[in-house]
Amino acid sequence: MDEATPAINAMCLAETGRNIQGESWPLYSHAAGGGSHTLVLLAFDTVWIKIFGTSRASFRAVSGFFILLTTLGLVLIAHDAAKLIPPADKKTDQVMRSAFPRLALLAALVSPWAFHFSRVGWDPPVAPAFMIAAMAAVLRSHPAGRASFIWSLVAGACAALSMIAYAPLRAVIPLVLFLEIVLLWSITPGWPDRWRLLRNMIFASIAAAALLASTISMLLDGKINERMNNIAIWRPDWMNEHAISTPHWRFLVETFLDNMLVHLKPSFLFFDGDAVLRQSPHISGQLSPIDILALAMVAFVLVLAIARIIRGTIPDLQLQTPSSQTSRWMLAMAVAIGVCWLFALVPAALTFDGIPHAIRSLSAWPFIALFTGAILAIAWGRLPWLPPVLAIVVLLHTVHYLPAYFHAYDGAANHWFMRDMTDVIAKERREQPGKTISQIVSDHFAYSYYYDEVPWFYLMSEGRLGCTEAGDKVHAWRKTAQ
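Residues numbered from 1 in each chain as written. Predicted model: local features only at pLDDT ≥ 70, side-chain atom pairs only at ≥ 80, totals over all residues. Heavy atoms only, no water.

Caption draft 1: Quick look at the overall build of the protein chain. Across its full length, the protein chain carries 23 helices and 2 strands. Expressed as lengths along the three principal axes of its C-alpha atoms, the size of the protein chain is roughly 80 × 55 × 50 Å. For the protein chain, buried positions account for 48% of its 482 residues. Split by element, the accessible area of the protein chain, about 22,900 Å² in all, is 66% carbon and sulfur. Placing the 36 positive and 33 negative side-chain charges of the protein chain at their respective mean positions leaves the two points 9 Å apart. (Helix = DSSP H or I, 4+ residues; strand = E, 2+ residues; numbered from the N terminus. Buried < 20%, exposed > 50% of the residue type's maximum accessible area, 1.4 Å probe, protein only. Areas by Shrake-Rupley, 256 points an atom, 1.4 Å probe, with all protein chains shown as cover. Lys, Arg positive; Asp, Glu negative; His and termini not counted. Charge placed at Lys NZ, Arg CZ, Asp CG, Glu CD.)

Now the structure itself:
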C-alpha cells in the first residue's frame, strides 16, 4: 500500500492532471498512515511512466535512479572537498586526494542500506538525493567566481526540495548545511571571500524560503502534521504515559539521547539491520563490510593512541610535514562527516515508533559512504595490503549478499508485503478460460485487507483502466463489501 498510493496518484496526475482526491497538481497528496506523497516525487513519476510504463518495476526503478543520483553527488562532494586541501607534493598526498572520490563511490555502491531502499517505490529515497545535491552546490558556489550565484540558488532549491520530499529531512538539512557553511567559513582566508560566501548563502536561503513558503504555511495550519504528531516523542498522551513523574523537558531530552544511541547499536549497524522485515532483509546490518573495516581502522588508531598516552611514549608526529597536513585535513573531513551522520539520525530519534528506524534515518547512508571513503583514502597510500584486501572483501560481500537478497523474502509472511493480490493475478491469468484483471481483482477484493489504493493500482497498471473508472470500481466494491 505504501507503494500503490504514490503510483496511482502519479498515474492519475499524468492522465487527468488531478490526484486521487481530485486536487489539481497539489504539493502534498494524502498517503496511508496520515503521511503525504509530494509533488517532488509525483511530478517526476508522471514523466518517468511515459517512458518506462506503469509496472511495479518501473515505479521502483525511480528509487534506484535517485539512489544513483545520490551516489553521483557523493563523488562530486568528495572530489570538490579534496580540492580544498592545501597543495602538497608527496605522492601519498596525491593518492589520498584521488582515492577519496573513488572509495566514496565504492562505499555507496556496496551499501546494503542504499541498495535495499533503491528497490522500493516511494518518497524517502528522493530526499537524500536533493540533500547531497544541495551540499555539492554549496561547495561549488564557494570558489566558482561568476557562477557562484547560480550555484547558491541551486543549493537553496535543492535543500527546499529535499525538505519537501520527505518530512524527516526538515530536521537534517538545516543542521548539515549550517555545519558545512561554518566549516567553509573557517577555512576561507580573508574577509572579502568570507563575505562572498555569506552573500551566496543569503541567496540560497532566499531561494529555499521561496520554495518552502507553501510548506511552512501548511505546517503552521496543521494540514500536513498528522503523521509526525502521531509518532513524535512529544505526543501528549504518550509522553504522559511514559514520563510518569519525570519533568517533561527532562523526559524529552533523555528519550531523544537514548533513541540516538539505539541507532548506533551493533545489531542495527553490523548484524541484522532494521527489525522490520520491509526495511531490512536481515542479511547484514545497515553497514557494509567496508564500512565496518573503516570503523575498525578508526578504533585501532584510537586504541593505539590511548596506549601510547598511557605509556607516555607519544612520538614526534611531525605535524608540519605536507603529508601529515593532508592527513589531518582528511581526518577533519571524516570527523565532520561523522557529525553529519549523527545529524541524520535526529528525525528518527524524535519518534517512538519502530526505533531504530532505517527509513526515517535514511539520510545517514550518504554520510556513511563519505566517511568510509575518507578513512580508507587516508590509509590507501600507506597500507600496501589495503587495495587487494578491499577487493576481496567487496567481492565476498557481493557474492554472499546478492543471491541471499533475491531469496530473502521467499518465505516471508504475507502481512509484511501484502502480495497475495499479485500472486492471485499471476495464477489466474494462466488459467482457462482466462479472466480480466477487473474480474480477478473483484473476486479477490472481498477477501483482501488492502487499502483501496492497492486494487486501484492493479486496475490501472495491469487492467489498463483510466483513473476515474478504476476508482469508481473500487469504491463500488468497497460499498458492496461493507
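Caption draft 2: Fine view of helix H14 (residues 289-311). Between its first and last C-alpha atoms H14 spans 33 Å; for 23 residues at 1.5 Å apiece the expected length is 33 Å, and the two agree. Taken as a whole, H14 has its buried residues at Ile290, Asp291, Leu293, Ala294 and Met297. Residues of H14 that are buried sit in contact with helix H4 (91-109), helix H17 (364-380) and helix H18 (386-405). Trailing H14 by a residue or two, Gly312 shows a phi angle of about 70°, which is positive. (Expected span 1.5 Å × (residues − 1). Contact = heavy atoms within 4.5 Å.)

Caption draft 3: Up close: the pattern of salt bridges. Under the defined criterion, the tally for this structure stands at 12 salt bridges. Measuring nitrogen to oxygen at the nearest pair gives 3.8 Å for the salt bridge that ties Asp193 to Arg196. Of this pair, Asp193 and Arg196 are both found in helix H9 (residues 191-220), 3 residues apart, which corresponds to roughly one turn of the helix. Here Asp193 falls in the partly exposed class, since its relative accessible area comes to 33%. Residue class for Arg196 comes out partly exposed when judged on its relative accessible area of 22%. (Salt bridge = Lys/Arg side-chain N within 4 Å of Asp/Glu carboxyl O.)

Caption draft 4: Expanded view of the packing of aromatic side chains. Evaluation of the coordinates by the stated rule reveals 24 aromatic pairs. On the numbers, 5.1 Å between centres and 80° between planes, the contact of Phe115 with Tyr405 is edge-to-face. Of this pair, Phe115 sits in helix H5 (residues 112-117) while Tyr405 sits in helix H18, placing them 290 residues apart in sequence. The partly exposed category is assigned to Phe115, whose relative accessible area is 22%. A network of ring pairs unites the aromatic residues Phe44, Trp48, Phe52, Phe65, Phe66 and Phe130 as a single cluster. (Phe/Tyr/Trp six-rings, centres within 6.5 Å; stacked < 30°, edge-to-face > 60°.)

Caption draft 5: Expanded view of the state of the cysteines. A complete count under the given rule lists 1 disulfide for this structure. The disulfide partner of Cys12 is Cys467, and the S-S distance across this bridge is 1.9 Å. Taking the torsion about the S-S bond as the criterion, the Cys12 to Cys467 disulfide, at about 90°, is right-handed. Here the residue Cys12 occupies a position in helix H1 (residues 4-16), and Cys467 occupies one in helix H23 (residues 467-481), the gap between them amounting to 455 residues. (Disulfide = S-S within 2.5 Å.)

Caption draft 6: Geometry of unusual backbone geometry. Cis rather than trans, the peptide bond between Ile355 and Pro356 has omega equal to -5°. One non-glycine residue, His282, adopts positive backbone phi at about 60°. Inspection of the secondary structure puts His282 in the loop between helix H13 (266-271) and H14. Taking relative accessible area as the criterion, His282 reaches 33% and is therefore assigned partly exposed. Backbone geometry places Arg464, a non-glycine residue, at a positive phi of 60°. Its place among the elements puts Arg464 in the loop between helix H22 (453-461) and H23. You can call Arg464 exposed: its relative accessible area is 64%.

Caption draft 7: Main features of the nonpolar core. One finds Phe100, Trp113, Met330, Trp341 and Phe367 to be the most contacted residues of the largest nonpolar core, which totals 96 residues. Dropping the residues within four chain positions of it, Trp113 is found in contact with Phe268, Gln286, Ala358, Ser361, Leu362, Ala364, Trp365 and Ile368. Ile437, Cys467, Ala470 and Trp477 belong to the second-largest nonpolar core, a separate cluster that totals 29 residues. (Core = buried A, V, L, I, M, F, W, Y, C linked by side-chain atoms within 4.5 Å.)

Caption draft 8: Spotlight on the environment of Asp93. Tracing the backbone through its elements, the reader meets Asp93 in helix H4. When the C-alpha positions of Asp93 and Ala32 are compared, they lie 51 Å apart, and in sequence the two are 61 residues distant.

Caption draft 9: View of the packing of helix H2 (residues 39-52) against helix H3 (residues 56-83). Contact geometry for H2 and H3: axes closest at 10 Å, N-to-C directions at 120°. Note on packing geometry: the crossing formed by H2 with H3 is right-handed. Side by side, H2 and H3 meet where Leu41, Phe44, Asp45, Trp48, Ile49 and Phe52 of the first sit next to Ser58, Phe59, Ala61, Val62, Phe65 and Phe66 of the second. (Axes fitted to C-alpha atoms, helices over the stretch in contact; angles between N-to-C directions. Left-handed = near helix turned anticlockwise from the far one by under 90°.)

Caption draft 10: Looking closely at the confidence of the model for the protein chain. Counting all residues, the mean pLDDT for the protein chain is 92, and 96% of those residues have values of 70 or more. Low pLDDT (under 50) marks residues 316-322, which in the prediction has 7 contacts with non-local residues, meaning those over four places away or in another chain. (pLDDT = per-residue confidence, 0-100.)

Caption draft 11: Quick peek at the side chain of Glu453. Mapped onto the elements, Glu453 comes out in helix H22. Buried charge without a salt bridge: Glu453, with Arg478 as the nearest opposite-charge side chain at an N-O distance of 7.4 Å.

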